[in-house]
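Descriptive structure summary
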Amino acid sequence: MAHARISMYLPPDINPAQASIAYGCRALPKLNEELQSEDLLTRQKALMALCDLMHDPEHVYVAIDIGCLESLKALLKDSNDMVRIKTTEVLHIMATHNVGREGFLEHDVLLALSYLLNDPQVACRENLHLALKHVAQLPSGAQGIVNSGLIPSLVWKLQREEEEIQGLLLDTLAACLMVDATEALSSSVVPFLKQKLLSANNNIRSKAARTLIAVSIPLDGKNQVWQHDVIPILVHLLKDNVEEVQANAAGALMYAMVTTQGKYAALDTEAIHPLLNLLSSPLSKARLNATKALTMLAEAPEGRKFLQSHVPIFRTLEEDPSEAVRRAAQIAIKVIEWKP
């Protein structure tokens, strides 16, 4: 005869660290109420449950609609470390969805997040910068970060953060400075990026060079890159053993050499040979940036004279699989063969 026995253990699908999720449309409103609870364990469990639910964009939409963002903003100031960490984790997951990014801008979440830039918990700061990186991928998000006045703080943190977080910072800055680099340029971003170009970390070098592309678009940026002697370092990175670093360095040079000072600084550091070598790179981005950079050098009489014997290389690029490279090669040939 069978005996009824009650197990001492929880069912295998029950997570004791996570709040029980109510059925159907009541799930998120109940969690929102629990986020506002005075009981620490209740808040923590509700955040754990939200971390799972926010992977679904439909749940993100409902959460924003019922006011979860206001509750999460309040929890960013919580005295408990775990609450702040899980709150920023929920927010960075929400920011992976377009509806979440738009919600951040509508509900001023960026300003609330900025108070945690100096949080003592590394995990909290990492989640914060992941959220900012995702928001910056949206043009209106990048503009929102610029408008919020966060750029000087992000530039300042570039020198003081953990290396992994520095990579996230560079991603955010690269997107935001494409929108407006004015505040960054007045916050000494060029000297900071110059130091990052010398990093032993391949990822940091690559992202620093990519950020310099955005910095070098305005005239003030081009002038600062020349004044701070960044061009010789970029020319050296054209021979880096990482192809992505080479491509981004060529891109930064392409913009920096628009000015006369930039052209002659690159010519003085013998930029032509490494740029010519990049024309055979397997990366189409590297071939494109190198072709455009050489076109800039061909505008100087000395550069044009040297490149005239290398026109056949550009002729081969007219058959390149990339339409952008083919078009850039045709322009380069016209500039090199131009006669006064």
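Residues numbered from 1 in each chain as written. Predicted model: local features only at pLDDT ≥ 70, side-chain atom pairs only at ≥ 80, totals over all residues. Heavy atoms only, no water.

Quick word on the overall build of the protein chain
Let me state the cut-off plainly: Every helix listed is a DSSP run of H or I at least four residues long, and every strand listed is a run of E at least two residues long, numbered separately from the N terminus. We call two residues contacting when some pair of their heavy atoms lies within 4.5 Å. Method for areas: the Shrake-Rupley scheme with a 1.4 Å probe, in which residue coverage is limited to the protein chains shown. By the counting scheme adopted, Arg and Lys are positive, Glu and Asp are negative, and His together with the chain ends is not counted. Taken as the charge location is NZ of Lys, CZ of Arg, CG of Asp or CD of Glu.
Scanning the protein chain from terminus to terminus reveals 23 helices and zero strands. In terms of overall dimensions, the protein chain has C-alpha extents of about 100 × 50 × 35 Å along its principal axes. A separation of at least 24 residues holds for 69% of the contacts in the protein chain among residues at least 6 apart in sequence. Total accessible area computed for the protein chain in this model is approximately 16500 Å², and 53% of it derives from carbon and sulfur atoms. Of the side chains in the protein chain, 32 bear a positive and 39 a negative charge, and the two mean positions are spaced by 5 Å.

Digging into the packing of helix α2 (residues 40-53) against helix α5 (residues 81-94)
Threshold: Orientation is described by axes fitted as lines to C-alpha atoms, over the contacting stretch for helices, and by angles from 0 to 180 degrees between their N-to-C directions. Just so you know how the angles are binned, under 35 degrees is roughly parallel, over 145 roughly antiparallel, 65 to 115 roughly perpendicular, and the rest oblique. Helix crossings get a hand from a simple test, with the near helix turned counterclockwise from the far one by less than a right angle marking a left-handed crossing and a clockwise turn marking a right-handed one. Gly counts as polar in this scheme, as do all residues outside two lists: the nonpolar Ala, Val, Leu, Ile, Met, Phe, Trp, Tyr, Cys and Pro, and the charged Asp, Glu, Lys and Arg.
In the contact formed by α2 and α5, the axes pass within 9 Å of each other and the chain directions differ by 25°. On the basis of the axis angle, α2 is roughly parallel to α5. For the pair α2 and α5, the crossing hand works out as left-handed. Residue-level contacts link L40, R43, Q44, L47, M48, L50 and C51 of α2 to M82, V83, K86, T87, E89, V90 and I93 of α5. Here the residues of the contact of α2 with α5 sort into nine nonpolar, two polar and three charged.

Looking at the domain arrangement of the protein chain
The test is simple: Where each domain begins and ends follows an automated or database-derived domain assignment.
Each assigned domain of the protein chain is listed with its residue range as follows: domain 1 (17-187) and domain 2 (229-339). The straight-line distance from the C-alpha centre of domain 1 to that of domain 2 is 41 Å.

Focus: the pattern of salt bridges
Side chains carrying opposite charge are able to pair once their charged atoms draw close together. Applicable threshold: The term salt bridge refers to a pairing of a side-chain nitrogen on Lys or Arg with a carboxyl oxygen on Asp or Glu at a separation within 4 Å. Buried, partly exposed and exposed residues are distinguished by accessible area as a fraction of the type maximum, computed with a 1.4 Å probe on protein chains only: under 20%, between the cut-offs, and over 50%, respectively.
Counted by the stated rule, this structure contains 18 salt bridges. Residue R327 pairs with E323 through a salt bridge whose shortest N-O separation is 3.2 Å. Taken together, the residues span about one helical turn, with R327 and E323 both in helix α23 (residues 323-337) at a distance of four residues. The exposure class assigned to E323 is exposed, which follows from its relative accessible area of 52%. In the salt-bridge network here, residues are joined through shared partners; they are K133, D171, K207 and R210.

Points about unusual backbone geometry
Here D108, not a glycine, exhibits a phi torsion of approximately 55°, which is positive. A residue is classified by how much of its surface remains accessible, and D108, at 51% relative accessible area, is exposed. Even without being a glycine, D229 presents a positive backbone phi close to 55°. In this fold, D229 is placed in the loop between α15 (219-227) and α16 (231-237).

Structural notes on the side chain of T291
In this fold, T291 is placed in helix α20 (residues 284-298). Given the relative accessible area of 0%, T291 is considered buried. Residues in contact with T291, not counting those within four places in the same chain, are L279, F314, L317, A328, A329 and A332.

Comments concerning the environment of D78
Note the threshold: Counting of polar contacts relies on pairs of N or O atoms within 3.5 Å, with two restrictions inside protein: one atom must be capable of donating a hydrogen and the other of accepting it, and residues adjacent in sequence are counted only when both atoms are side-chain atoms.
For D78, the location among the structural elements is in the loop between α4 (68-75) and α5. In this structure the C-alpha to C-alpha distance between D78 and T42, which are 36 residues apart in sequence, comes to 13 Å. Residues contacting D78, with those up to four places away along its chain left out, are R43, V83 and R84. Here the side chain of D78 touches R43 through a polar contact of 3.1 Å, side chain to side chain.

Comments concerning helix α8 (residues 122-136)
For the record, the criterion: Take the residue count of a helix, subtract one, and multiply by 1.5 Å to get its expected span.
Relative to the 21 Å expected for 15 residues at 1.5 Å per residue, α8 spans 21 Å between its end C-alpha atoms, a close match to the ideal helical length. Judged by how many residues are buried, α8 sits mostly within the fold: 11 of 15 residues are covered. If you check which residues of α8 are buried, you get C124, R125, N127, L128, H129, L130, A131, L132, H134, V135 and A136. Close packing links the buried residues of α8 with α5, α6 (98-106), α7 (109-114), α9 (139-147), α10 (151-157) and α11 (163-179).

Things to note about α15
Along an α-helix, residues three or four apart share an orientation, since each turn contains 3.6 residues. To keep things clear, this is the line we draw: Each direction from the helix axis to a C-beta atom contributes to the arc, which is the arc of those directions.
Every buried residue of α15 is accounted for by G221, K222, Q224 and V225. Projected onto a plane normal to the axis of α15, the buried residues spread over an arc of 165° and lie on a single side. Opposite its buried face, α15 presents the exposed residues L219 and Q227, each directed more than 90 degrees away. Contact partners of the buried residues in α15: α12 (182-185), α13 (189-196), α14 (202-215), α16 and α17 (243-256). Trailing α15 by a residue or two, D229 shows a phi angle of about 55°, which is positive.

Thoughts on the side chain of Q224
When you line up the elements, Q224 lands in helix α15. Its relative accessible area of 11% is what places Q224 among the buried residues. Excluding residues that lie within four positions of it along the chain, Q224 makes contacts with L185 and V190.

Things to note about the packing of α9 against α11
Remark: α9 packs on α11, axes separated minimally by 8 Å, with the N-to-C direction vectors making an angle of 90°. Accordingly, the angle class assigned to the pair α9 and α11 is roughly perpendicular. Across the interface between the two elements, P139, A142, Q143, I145 and V146 of α9 pack against T172, A175, C176 and V179 of α11. Across the contact of α9 with α11, the residue classes tally to seven nonpolar, two polar and no charged.

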